[in-house]
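Coordinate analysis (summary)
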Amino acid sequence: MRVAGRVEDIVERGLCTGCGACASLLGNDALGMDLSPDGFMRPRRRRRLKDAEQVTVMQVCTGNRLSGPAPEDAAAPHPIFGPILRLARGHATDPEIRFRSATGGVLTALALYLVESGEVDGILQVGVSSDNPLLNDVSFNTSREQIVASSGSRYGPTAPLRDIMAMLDSGRRFAFIGKPCDIATLRNLARVDARVDRQIPYMLAMFCGGNPSISATYNIVRRFGEDHRDVDEFRYRGHGWPGPTYVRTRQGKEHRQSYDETWFSNLTYELMFRCKICADGTGEHADVVAGDCWVMENGKPSHREAGDGWNMHIARTVRGTQLIEDAVVAGYLHEEPFSVAELEAMHDDHGLKKRSVFWRLTALALTAQPFPDHGALRVVQAGLAASWRERWAAFRGTLARSLKRRNRESPVTSGTFAPDTTTS
């Protein structure tokens, strides 16, 4: 069963990525973007949408469909990681960028190179909200100071495309840095708006394991025994590799905990359901995608603090390949050899996720639930490579979730997220 073709269906069936493109396409009089009661960024209807407006959104929305990337080389794409024109490990040559970033600072270094070389007028990217250090916001950055300030991971909801039409209307030429699903939305938009390809020559992404509810952030603060209203600075990662989760209050109290203590120690949080059926966590639609180049111990990636960070990065397009080469020659980026075998071992969590998608979609189809068209992302091919254990776990979990209606979200006209103000 495919999506019924309305914004309301996308949101209420748990298929929305929260990018904000729909609100930008239709305007603020039609849709706003707010944190939902579930803690995700979601469109909020301000009036009844016309049939033509629904069609406009469905052409672009990745809750409805992903076109799938078109490989620019003659070789077949990797079954899990997609088209690979250039693969290496590396880091920013600037020590400050490398230290502040979540990993080696490759995406920040590329962004800085693009601005300082005059290739683009600025970078559209996500950073810390100026109003609340626990929240995220999107900004158009034109200086080194602004770009570096936006470095580091922001594991929480944002609507990075909520003003994309205004950006295109401005006539500016800019690069975009976002999650894989945000890039996929831009590729969909490019098929109906030629300005995207003219004005956004570079689209950069990071490997993504899913977008958690903002409740995860508030729960981290609560576990430190602090009130979220007292927080002055919050970092998920960075300032080292992978860097501690860091909280500082207005009273000057500081708290730190490791990557594993944050994400693998019974933290209560919920990933978007859309993330659970995502077939593009590795940014196949991007020109360049980067991820952690973890230290391997006993054949598995380790999250222990390892000093200076390293990225692994993949160029997907000819334009992306040239960008990396130019940044290396200009001295913004250092890179070293990195093999496909190392990539497969280091990021097999993405392999498991992609192998599971087909079986999750099968469970949705069996229960007459809608799901997005994943286009040319090789969902069936990856699914057939899954072990029987992987198939059953993915199918059973999604079937139970669907039967219990746990993939459903609040309607587009409901209220907004309100954090629990109690502390412990």
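Looking up the protein in an unreviewed UniProt entry gives the name Coenzyme F420 hydrogenase subunit beta, with the organism given as Aminobacter carboxidus.

Focus on the overall build of the protein
Tallying secondary structure elements over the protein gives 17 helices and 15 strands in all. Compactness check: the protein gives a C-alpha radius of gyration of 20 Å against a globular reference of 22 Å for 424 residues, within 12% of the reference. Each principal axis of the C-alpha atoms in the protein carries an extent, and together these give about 60 × 50 × 50 Å. Counting across all 424 residues of the protein, residues that qualify as buried make up 58%. Taking as baseline every contact in the protein between residues at least 6 positions apart, the subset at least 24 positions apart corresponds to 74%. In the form shown here, the protein has an accessible surface area of approximately 17,500 Å², with 49% of it arising from carbon and sulfur atoms.

Quick notes on the packing of helix α5 (residues 106–116) against helix α13 (residues 318–329)
Viewed as axis vectors pointing N to C, α5 and α13 meet at an angle of 85 degrees, and their least axial separation amounts to 10 Å. Regarding the angle of α5 to α13, the classification is roughly perpendicular. Contact residues: Leu110, Tyr113 and Leu114 in α5; Leu323, Ile324, Asp326 and Ala327 in α13. Split into classes, the residues belonging to the contact of α5 with α13 amount to six nonpolar, no polar and one charged.

Let's talk about the packing of aromatic side chains
Geometrically, a pair of aromatic rings is defined through the distance of the ring centres and the angle of the planes. Inspection of the entire model under this criterion finds 12 aromatic pairs. Between phenylalanine 234 and tyrosine 236, the ring centres sit 4.8 Å apart and the planes meet at 80 degrees, which makes this aromatic pair edge-to-face. Tyrosine 236 shares its class with phenylalanine 234; the two are buried. Through a chain of ring-to-ring contacts, the aromatic side chains of Tyr155, Phe234, Tyr236 and Trp263 assemble into a single cluster.

Digging into the pattern of salt bridges
Under the definition given, this model contains 27 salt bridges. The closest approach of N and O atoms between glutamate 96 and arginine 144, which form a salt bridge, is 2.7 Å. Here glutamate 96, found in helix α4 (residues 95–100), pairs with arginine 144, found in helix α6 (residues 144–149); they are 48 residues apart in sequence, far enough to count as distant. Glutamate 96 gets classed as partly exposed once you look at its relative accessible area, which sits at 38%. When its relative accessible area of 30% is taken as the criterion, arginine 144 is described as partly exposed. Where arginine 248 meets aspartate 232, a salt bridge forms, and the shortest distance between an N and an O atom there is 2.6 Å. Here arginine 248 is found in strand β9 (residues 245–249), whereas its partner aspartate 232 is found in strand β8 (residues 231–235), with 16 residues between them in sequence. A relative accessible area of 37% means that aspartate 232 is categorised as partly exposed. Members of the salt-bridge network, linked through shared partners, are Arg6, Glu8, Asp9 and Arg45.

Concerning the nonpolar core
Membership of the largest hydrophobic core comes to 82 residues, with the highest contact counts inside it found for Ile164 and Ile200. Sorting elements by how many residues they give to this core places helix α8 (residues 180–190) first, with five residues. Among the nonpolar cores identified, the runner-up in size contains 26 residues, and Ile123, Ala175, Tyr202 and Ile324 belong to it.

With respect to the pairing of strand β6 (residues 174–178)
Judged by how many residues are buried, β6 sits mostly within the fold: five of five residues are covered. Residues of β6 alternate between two faces, with Phe174, Phe176 and Gly178 on one and Ala175 and Ile177 on the opposite face, all of them buried. In terms of strand pairing, strand β4 (residues 122–128) meets β6 through three bridges, oriented parallel. Considered in β6, the bridge of glycine 122 is made with phenylalanine 174.

Each value, and the rule that gives it
- Residues numbered from 1 in each chain as written.
- Predicted model: local features only at pLDDT ≥ 70, side-chain atom pairs only at ≥ 80, totals over all residues.
- Heavy atoms only, no water.
- Helix = DSSP H or I, 4+ residues; strand = E, 2+ residues; numbered from the N terminus.
- Rg over C-alpha atoms; globule rule 2.2 N^0.38 Å.
- Buried < 20%, exposed > 50% of the residue type's maximum accessible area, 1.4 Å probe, protein only.
- Contact = heavy atoms within 4.5 Å.
- Areas by Shrake-Rupley, 256 points an atom, 1.4 Å probe, with all protein chains shown as cover.
- Axes fitted to C-alpha atoms, helices over the stretch in contact; angles between N-to-C directions.
- Parallel < 35°, antiparallel > 145°, perpendicular 65-115°, else oblique.
- Nonpolar A, V, L, I, M, F, W, Y, C, P; charged D, E, K, R; others polar.
- Phe/Tyr/Trp six-rings, centres within 6.5 Å; stacked < 30°, edge-to-face > 60°.
- Salt bridge = Lys/Arg side-chain N within 4 Å of Asp/Glu carboxyl O.
- Core = buried A, V, L, I, M, F, W, Y, C linked by side-chain atoms within 4.5 Å.
- Pairing = 2+ DSSP bridges.

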